[in-house]
Amino acid sequence: MKVGILGGGQLALMMVDSFIDKNVEFIVLDPSDKPPASKRVKCIKAKYDDKEYLDFLAKECDVVTIDFENVPSSSLNYLEMQTKVYPNSKSVEICQDRLKEKNLFRECGVPVTDFYEINDINDLKNAVSEITNKSILKSRFMGYDGKNQVHLNDKKIEEAFTLCGSKDLILEKKVDFITELSLIGARTLDGDTVYYPLVENNHNNGILDYSIAPYENEELQKKAEEYHRVLCDKMNYVGILVIEFFLINNQELIANEMAPRVHNSGHWTIEGANISQFEAHIRCIINEQISDIEMNKYSGMVNIISKMPKDRAECLSDISGFHDYGKLERENRKLGHITLIDTNKNNLLKKIENIKKII
Ligand code: ADP
Ligand code: MG
């Protein structure tokens, strides 16, 4: 079995690692030099729309998947005509566009915050006058780690419009949330889905700082799984799909966005669950069954951002996993993560606090 991956970042690296020594070969395509996955597998350096290499991938691979959701959906569509592609190009196209994504949420009865399509400055002025609360202007495309979004209360309307790129925008009402939760679900080719328990996510400046699992609430878990099921059915989805939610009033979930791939809020599953999200994704796309998820209570994941810790040894006591993606240090770049596990939630919180002081 050969699996092609578009994108050779840390997600591809961890997908490859999850299947090492198993009967799967990986071929990765990435436009950059020495992406993280090149530590384990040969990476072809090519643009995502280079037809020569897409043809090669299609010919060589039984199935192709992604590590990066912003690969052109036209490339996935091109591959689809020659081999299997999971998730399918249409799902990825929806998840790439905040407007399409939010329209789909609405269509599927998944609650979302008020939002407005913004194509020019007048649209923005009109929308701002309708949203009485605080709002966030976001680019519809290419947003990640809080990039390409501006909080409107901090800026003048014209300035925010320019900062966001002046086209293809969406204005969202700011949600006054209690916390942020994500649901990771792995859907097989037969349409069966295995869910991980809800994860609680803490962001700093729009970037995921740390996650804790499980967020124990049966009602919310049921609700989130139902939303996930409806969206997957609608998109005919295969693989891991992650939905990010805001929790309001302690009982209501508002969907923020979804990721058509493995997700940073699921990195704890490498050490914290019987099947990691990476293995689950690959199993789905190569048509293998997945048993129910069992997990350690409790798991935490802390991102290493901007700088790697100087003294790694200092981090190593008390932790269950230290992952270095081998990337160059850069402001606000995710360079690695640390997993922590404890049977007691308060102890886990203390461990997270301690590790955050060190890194
Ligand atoms: P990205 O693709 O960069 O992750 P998100 O839409 O998830 O973009 O925004 C990043 C973070 O910014 C969210 O996790 C949340 O903390 C905050 N945020 C985004 N949209 C809203 C909103 N409508 N209301 C409140 N907070 C928001
Ligand atoms: Mg997000």
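From a predicted model like this one, the values you see are computed outputs, not experimental measurements. What you see as residue numbers is a count from 1 along each chain, following the sequence as written. Note on labels: chains are lettered from A, ligands numbered from 1, in written order. At least 70 in pLDDT is required for a residue's local features to be given in this predicted model, at least 80 for side-chain atom pairs to be given and counted, and no such filter applies to totals for whole chains, interfaces and linings, which use all residues. Side-chain measures were taken over the full set of non-hydrogen atoms in the model, leaving aside hydrogen atoms and water.

### So, the coordination of the magnesium ion (ligand 2)
What counts is decided by this rule: Metal donors were taken as nitrogen, oxygen and sulfur atoms no farther than 2.8 Å from the ion, or 3.2 Å where the ion is Na, K or Ca. Water is excluded, so coordination may look unfinished. Helix numbering and strand numbering both begin at the N terminus, where a helix is a DSSP run of H or I of at least 4 residues and a strand a DSSP run of E of at least 2. Relative accessibility thresholds used throughout: buried, under 20% of the residue-type maximum; exposed, over 50%; partly exposed, between the two (1.4 Å probe, protein chains only).
In the first shell of the magnesium ion (ligand 2), the protein supplies E244 (OE) and E257 (OE), at 2.0 to 2.3 Å from the metal. Here E257 lies in strand β15 (residues 252-259) and E244 lies in strand β14 (residues 239-248), a separation of 13 residues in the sequence. For the pair E244 and E257, one class covers both residues: buried.

### Here we look at the packing of aromatic side chains
For the record, the criterion: We call Phe, Tyr and Trp rings a pair once their centres come within 6.5 Å, taking the six-membered ring for Trp, and we label the pair stacked below 30 degrees between planes, edge-to-face above 60, and tilted otherwise. In this scheme, Lys NZ or Arg CZ marks a charge over a ring once it lies within 6 Å of the ring centre and within 35 degrees of the ring normal.
Going through the model one piece at a time under the given rule, you end up with 4 aromatic pairs. When the ring of Y196 is compared with that of W268, the centres are 6.2 Å apart and the planes differ by 90°; the resulting orientation is edge-to-face. Here Y196, found in the loop between β11 (193-195) and β12 (199-204), pairs with W268, found in the loop between β15 and α9 (269-272); they are 72 residues apart in sequence, far enough to count as distant. Between K22 and the ring centre of F19, over which it is positioned, the NZ or CZ distance is 5.0 Å. Lying over the aromatic face of Y78, K51 brings its terminal NZ or CZ to 5.0 Å of the ring centre.

### Looking at the pattern of salt bridges
Note the cut-off: Salt bridges are defined as contacts in which a side-chain nitrogen from Lys or Arg sits within 4 Å of a carboxyl oxygen from Asp or Glu.
Tallied over the full model, the rule gives 27 salt bridges. We note a salt bridge from E216 to K297, for which the minimum N-O separation is 3.1 Å. Note that E216 is positioned in the loop between β13 (207-213) and α8 (218-235) and K297 in the loop between α10 (277-285) and β16 (299-305), a separation of 81 residues in sequence. Residue class for E216 comes out partly exposed when judged on its relative accessible area of 44%.

### Regarding the domain arrangement of the protein chain
Heads up, the condition is: Start and end points for every domain follow an automatic or database-based domain assignment. In this description, contact between two residues means that some pair of their heavy atoms is separated by no more than 4.5 Å. Note: buried area is the sum, over both parts, of the accessible area (probe 1.4 Å) each one loses when the two are combined.
Taken domain by domain, the protein chain consists of domain 1 (2-85), domain 2 (114-173) and domain 3 (177-358). Taking only C-alpha atoms into account, the centre of domain 2 sits 28 Å from that of domain 3. The interface of domain 2 with domain 3 comprises 5 residues on the first partner and 6 residues on the second. Here domain 2 and domain 3 share an interface that buries about 340 Å² over both sides, 30% of which is from carbon and sulfur atoms.

### Quick notes on the packing of helix α4 (residues 89-96) against helix α5 (residues 98-107)
Definition in use: Whenever a helix is involved, its axis is fitted only over the stretch in contact; in every case the axis is a line through C-alpha atoms, and angles between N-to-C directions fall within 0 to 180 degrees. For this classification, under 35 degrees means roughly parallel, over 145 means roughly antiparallel, 65 to 115 means roughly perpendicular, and everything else is oblique.
Direction vectors running N to C along α4 and α5 enclose 105°, while the axes themselves pass 5 Å from each other. For the element pair α4 / α5, the angle class is roughly perpendicular. Counting all contacts with α4, which are made through E93, I94, C95 and Q96, the residues of α5 involved are R98, K100, E101 and L104.

### Quick notes on unusual backbone geometry
In this structure, the amide linkage connecting Y86 to the following residue, P87, adopts the cis form with an omega of -5°. On the secondary structure map, P87 appears in the loop between β5 (84-85) and α4. Backbone torsion omega between K297 and Y298 reads -5°, so that peptide bond is classified as cis. Looking at where Y298 falls in the secondary structure, it is placed in the loop between α10 and β16. Look at D168: it is not a glycine, yet its phi comes out positive at around 50°. Checked against the element boundaries, D168 lands in the loop between α7 (157-163) and β9 (169-173).

### What to know about helix α3 (residues 73-80)
Buried within α3 are the following residues: S73, S75, L76, Y78 and L79. Residues of α3 that are buried in the fold lie against β1 (2-6), α2 (51-60), β4 (63-66), β5 and α4.

### With respect to the pairing of strand β18 (residues 334-341)
A regular strand places its side chains so that they alternate between the two faces of the sheet. Our working rule: Criterion used throughout: strands pair if DSSP finds at least two bridges between them.
Burial analysis of β18 places 8 of its 8 residues in the buried class, which makes it a mostly covered element. Pairing between β16 and β18: 7 bridges, direction antiparallel. Counterpart to I304 in the pairing with β18 is G336. Here 4 bridges tie strand β17 (residues 321-324) to β18, and the two strands are oriented antiparallel to one another. Paired with F322 across the bridge in β18 is I338.

### A closer look at the state of the cysteines
Let me state the cut-off plainly: In this description, the term disulfide denotes a pair of cysteine sulfurs within 2.5 Å.
Under the criterion given, the structure shown has 0 disulfides. The closest cysteine sulfur to the non-disulfide-bonded C95 is located on C232, 9.5 Å from its own sulfur. Exposure remark for C95: the relative accessible area of 6% places this residue in the buried category. Taking relative accessible area as the criterion, C232 reaches 1% and is therefore assigned buried.

### Considering α2
Every α-helix carries 3.6 residues per turn, so stepping three or four residues along brings you back to the same face. Rule in force here: To be clear, the arc concerns the directions from the helix axis to the C-beta atoms. Any pair of nitrogen or oxygen atoms within 3.5 Å is treated as a polar contact; in protein, a donor-acceptor pairing is required on top of that, and neighbouring residues in sequence qualify only through side-chain atoms on both sides.
Within the span of α2, buried status applies to L54, L57 and A58. Summarising the axial view, the buried residues of α2 lie within an arc of 100°, below the 170-degree limit, and thus occupy one face. Every exposed residue of α2 that faces more than 90 degrees away from the buried side is listed here: E52 and K59. Those residues of α2 that are buried lie in contact with β1, β2 (25-30), β4 and α3. Where α2 begins, one side-chain oxygen reaches toward the backbone nitrogen of E52, 3.1 Å away; that side chain belongs to D50.

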